[in-house]
Amino acid sequence: MRIDIGNGIDIIGDIHACFEEFMELLKKLGYKENQNGLYIHPDGRKFVSLGDVMSRGPESIKCMLFFLDHVEAGLSYMIDSNHGWKIARWLDGRNVELRHGDELVEKEFYEFEKKNGVQKTKDIKERLKNLLMNAPSHYIFTHKAVDKVVCAHAGIRDDFIGKENKRIKDFCRYGDVAGMDEKGKPIRKDWFLQHQGDLCIVWGHDPKPEPLIVNNSINIDQGLVFGGKLTAYRYPENTFEFVHAIKNYSGKVEDNPLNKKD
Ligand SMILES: [Mn+2]
């Protein structure tokens, strides 16, 4: 799970099937489409997804196939996430309940199969299942063999970094969840308050109106699918790039995490 930073990385927050905004961000970051439809940076930079590229928004399949192609071509990285893990299990034929926008992925596949046929759909589902199933809980990016940046979807505890097991996978997918509230929403504990040292942890999952920087941790989920924005954190430059949502795809105002006060 350790990768050299190479010519620089662009870490992208939760896309949630908002393909158009994602394309706009990649172009803004300087990636150019080649004749094979792959987005390549002239300086050799690579982009990293913090997971949750699908669900809730309009174009889950497009987003997933984009990462499938770019991860396979060695141009991009993607880590595990809560929606990613749910869809992986669904693609694996396990008995899962699709909700919180995951049901939209199933709908998209229904239309996709009508258009592209049973065999092509089956092949693509198999490849996507493998991509999502094998996504690591976190990546550690290094420079001259020194750990510099950790990417984890919902965060990570310092003593979990560089290790992998079921508990760590769950922590990176859901964060430090201390049960559910009366509305069935997870009660989240702020793991980043305990983070110490110079290693920078970049995470998403929990939408904040602006990047939240605490103790060398950076949240870059700015609630794109809820009408917020998509964020890229560039390393080693230590700068941000943003693209605003075309609209609020999630609808309900009362559920909008960008409106919550905490
Ligand atoms: Mn998430």
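Structure's up top.
Overview of the structure. (Residues numbered from 1 in each chain as written. Predicted model: local features only at pLDDT ≥ 70, side-chain atom pairs only at ≥ 80, totals over all residues. Heavy atoms only, no water.)

Right, let's talk about the coordination of the manganese ion for a bit. Donor atoms from the polypeptide that bind the manganese ion are Asp 52 (OD), Asn 82 (OD1), His 153 (NE2) and His 205 (ND1), placed at 2.0 to 2.3 Å. Of note, the donors binding the manganese ion are all from one chain and are spaced D-x29-N-x70-H-x51-H. With a gap of 123 residues between them, Asn 82 in helix H3 (residues 82-91) and His 205 in the loop between strand S11 (200-203) and strand S12 (212-214) connect regions that are remote in the sequence. His 205 matches Asn 82 in its accessibility class, with the two residues each being buried. (Donors = N, O, S within 2.8 Å, 3.2 Å for Na, K, Ca; no water. Helix = DSSP H or I, 4+ residues; strand = E, 2+ residues; numbered from the N terminus. Buried < 20%, exposed > 50% of the residue type's maximum accessible area, 1.4 Å probe, protein only.)

With that out of the way, let us pick up the sheet that holds strand S7 (residues 138-143). Judged by pairing direction, the sheet is mixed, and its six strands sit side by side in the order S1-S7-S8-S11-S13-S12 without closing on themselves. Sheet topology places strand S1 (2-4) and S12 at the edges, where each strand pairs with a single neighbour. Strand-to-strand twist in this sheet, taken as the mean axis angle between neighbours without regard to direction, amounts to 20°. Relative to strand S8 (residues 146-152), S7 runs antiparallel, the two being bridged by six bridges. (Pairing = 2+ DSSP bridges. Axes fitted to C-alpha atoms, helices over the stretch in contact; angles between N-to-C directions.)

This part is about the state of the cysteines. Summed over all chains, the structure comprises zero disulfides. Lacking any disulfide linkage, Cys 151 is separated from the closest cysteine sulfur, that of Cys 200, by 8.3 Å. With relative accessibility at 0%, the residue Cys 151 sits in the buried group. A disulfide-free cysteine, Cys 172 has its sulfur positioned 11 Å from the sulfur of Cys 151, the nearest such atom. Among the residues examined, Cys 172 registers a relative accessible area of 1% and is labelled buried. (Disulfide = S-S within 2.5 Å.)

In this fold, His 138 is placed in strand S7. Classification of His 138 by relative accessible area gives buried; the value is 0%. In terms of polar contacts, His 138 uses its side chain to reach the side chain of Ser 137, at 2.8 Å. (Polar contact = N/O pair within 3.5 Å; in protein donor to acceptor, adjacent residues only side chain to side chain.)

In this section: the packing of H3 against helix H5 (residues 118-133). Contact pair H3 / H5: the axes reach a minimum separation of 9 Å and the direction vectors enclose 140°. By the angle class used here, H3 and H5 are oblique. Crossing handedness for the pair H3 and H5: left-handed. Touching Gly 84, Trp 85, Ile 87, Ala 88, Arg 89, Trp 90 and Leu 91 of H3 are Lys 125, Leu 128, Lys 129, Leu 132 and Met 133, all from H5. For the contact of H3 with H5, the residue count by class is eight nonpolar, one polar and three charged. (Parallel < 35°, antiparallel > 145°, perpendicular 65-115°, else oblique. Left-handed = near helix turned anticlockwise from the far one by under 90°. Contact = heavy atoms within 4.5 Å. Nonpolar A, V, L, I, M, F, W, Y, C, P; charged D, E, K, R; others polar.)

For the coordinates displayed, the defined rule picks out 20 aromatic pairs. Centroid distance Tyr 39 to Phe 66: 5.6 Å. Interplanar angle 50°. Geometry classified as tilted. With Tyr 39 in strand S4 (residues 39-40) and Phe 66 in helix H2 (residues 60-72), this pair connects stretches of sequence that are 27 residues apart. You'll find Tyr 39 and Phe 66 in the same group, each marked buried. Here the aromatic rings of Phe 109 and Phe 112 are separated by 6.2 Å at their centres, their planes lie at 70°, and the arrangement is edge-to-face. Taken together, the residues span about one helical turn, with Phe 109 and Phe 112 both in helix H4 (residues 103-116) at a distance of three residues. Neither Phe 109 nor Phe 112 differs from the other in exposure class; each is buried. Members of the aromatic cluster, connected to one another through ring pairs, are Phe 19, Phe 22, Tyr 31, Tyr 39, Phe 47, Phe 66 and Phe 67. Taking NZ or CZ as reference, Arg 173 lies 4.0 Å from the ring centre of Trp 85, over its face. The ring of Phe 242 has Lys 229 lying over it, and the distance from NZ or CZ to the ring centre is 4.3 Å. (Phe/Tyr/Trp six-rings, centres within 6.5 Å; stacked < 30°, edge-to-face > 60°. Lys NZ or Arg CZ within 6 Å of the ring centre and 35° of its normal.)

Contact geometry for H4 and H5: axes closest at 7 Å, N-to-C directions at 135°. By the angle between their axes, H4 is oblique relative to H5. In this structure, H4 contributes Phe 109, Phe 112, Glu 113 and Asn 116 to the contact, and H5 contributes Val 118, Lys 120, Thr 121, Ile 124, Lys 125 and Leu 128. Residues of the contact of H4 with H5, tallied by class, amount to five nonpolar, two polar and three charged.

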